[in-house]
Amino acid sequence: MMSGPHWFRPLVLSGPSGSGKSTLLKRLFAEHPGQFAFSVSHTTRTPRPGEVDGIQYHFVSREDFSSLRDRGGFVENAEFSGNLYGTSKQAIASIVESGKRCILDIEVQGVRQIKCTDLNPVYCFIAPPSLSILRNRLIGRGTETDVAVEKRLKTALEEIEYARLPGAHDHIIVNDDLDRAYGLFKSVALGNPIPSDPLAPLEQAADQIQ
Ligand SMILES: Nc1ncnc2c1ncn2[C@@H]1O[C@H](COP(=O)(O)OP(=O)(O)OP(=O)(O)O)[C@@H](O)[C@H]1O
């Protein structure tokens, strides 16, 4: 398989909920089996039936999590609904050593934290064409209540605001036509540079959720 100059740098994928990250990743993994891997996160939550330690997550106690965090073992960590989650440096390193490309699907706070580390990943932002299209896709996916959709749209606006800051991401891909977006995403995933898409002006984005 042909891989580009950035192959050995982890790829940090972020973007609003519903922008199409899972859709793009699913296609990439299907087309290139065995070439890419997600790092296994640590969590303090209890395993659900069928979940295996070291596969879905590294399940650890709060004490062990805190001790690893205090030793600087995480590139990013956060608390969601009472449980701690984090990506360890070791989890990323073991993928890089295996020769696969490590992909991290991460929310904006995690991106900010990783920027303070020496990980040096490639940052790729998946943007929706507009907030009204994002709303339609979230509704179409059928996984969210109306209130949750509006909450996700507000968060999306903040994420797009951040993405507009110069240097926030290395690549911005607007997921308008799926085949076009996938073509760009595949280039980035294989370690090649691409020209970034322009983001729609913010005022326009803000209007759409009022
Ligand atoms: N280019 C596209 N055109 C039309 N629909 C799309 C496109 N890309 C994705 N979708 C649809 O939009 C919905 C949201 O996509 P997806 O679930 O991949 O988003 P996500 O970024 O992974 O969200 P989350 O962060 O919540 O997991 C899905 O129903 C998907 O089929």
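For the structure, see preceding data.
Structure report, in brief. Remember, it's a predicted structure, so these values are computed and weren't measured experimentally. (Residues numbered from 1 in each chain as written. Predicted model: local features only at pLDDT ≥ 70, side-chain atom pairs only at ≥ 80, totals over all residues. Heavy atoms only, no water.)

**A few points about the overall build of the chain**
Assigned secondary structure in the chain consists of 8 helices and 9 strands. Counting only C-alpha atoms and orienting by the principal axes, one finds that the chain spans roughly 45 × 45 × 35 Å. With 210 residues in all, the chain has 46% of them scored as buried. When contacts within the chain are restricted to residue pairs at least 6 apart in sequence, those whose partners lie at least 24 apart make up 67%. Accessible surface computed for the chain: about 10,900 Å², of which carbon and sulfur atoms make up 53%. Seen as two clouds, the 23 positive and the 25 negative side-chain charges of the chain have centres 2 Å apart. (Helix = DSSP H or I, 4+ residues; strand = E, 2+ residues; numbered from the N terminus. Buried < 20%, exposed > 50% of the residue type's maximum accessible area, 1.4 Å probe, protein only. Contact = heavy atoms within 4.5 Å. Areas by Shrake-Rupley, 256 points an atom, 1.4 Å probe, with all protein chains shown as cover. Lys, Arg positive; Asp, Glu negative; His and termini not counted. Charge placed at Lys NZ, Arg CZ, Asp CG, Glu CD.)

**Considering the pairing of strand β1 (residues 11-14)**
Both faces of β1 are covered, namely the face carrying Leu11 and Leu13 and the face carrying Val12 and Ser14. Where β1 and strand β7 (residues 101-105) come together, 3 bridges link them in parallel fashion. Within β7, the residue paired with Val12 across the bridge is Leu104. By the bridge criterion, 4 bridges tie β1 to strand β8 (residues 122-127) in an arrangement that is parallel. Within β8, the residue paired with Leu13 across the bridge is Cys124. (Pairing = 2+ DSSP bridges.)

**Focus: the site of the ligand**
Among the 14 residues in the neighbourhood of the ligand, the closest are listed as Ser17, Lys21, Ser22, Thr23 and Asn175. According to the grid-proximity analysis, the pocket containing the ligand is the largest pocket. Here the residues of the shell around the ligand are counted per class, giving 2 nonpolar, 7 polar and 5 charged. (Near = heavy atom within 4 Å. 1 Å grid on protein atoms, 1.4 Å probe; cavity = no way out; pocket = protein on both sides within 12 Å on 5 of 7 lines; lining within 4 Å. Sits in = over half its atoms within 2 Å of the grid points. Nonpolar A, V, L, I, M, F, W, Y, C, P; charged D, E, K, R; others polar.)

**Section: the packing of helix α5 (residues 131-141) against helix α6 (residues 146-164)**
Interaxial distance between α5 and α6 falls to 10 Å at its minimum, and their mutual angle equals 140°. Viewed along their axes, α5 and α6 adopt a mutual orientation that is oblique. Judged by the sense of rotation from one axis to the other, the crossing of α5 with α6 is right-handed. Of α6, the residues touching α5 (which contributes Leu131, Leu134, Arg135, Leu138, Ile139 and Arg141) are Val149, Glu150, Arg152, Leu153, Ala156, Leu157 and Ile160. The residue makeup of the contact of α5 with α6, split by class, is 9 nonpolar, no polar and 4 charged. (Axes fitted to C-alpha atoms, helices over the stretch in contact; angles between N-to-C directions. Parallel < 35°, antiparallel > 145°, perpendicular 65-115°, else oblique. Left-handed = near helix turned anticlockwise from the far one by under 90°.)

**Regarding empty space enclosed by the protein**
Counted by the stated rule, this structure contains 1 cavity of 30 Å³ or more. Each pocket or cavity is described by its volume, and for the largest cavity that value is around 30 Å³. Lining the largest cavity, in full, are Ser14, Gly15, Val108, Phe125, Glu159, Tyr162 and His169. (Points joined across faces, edges and corners; volume = space filled by probe spheres on them.)

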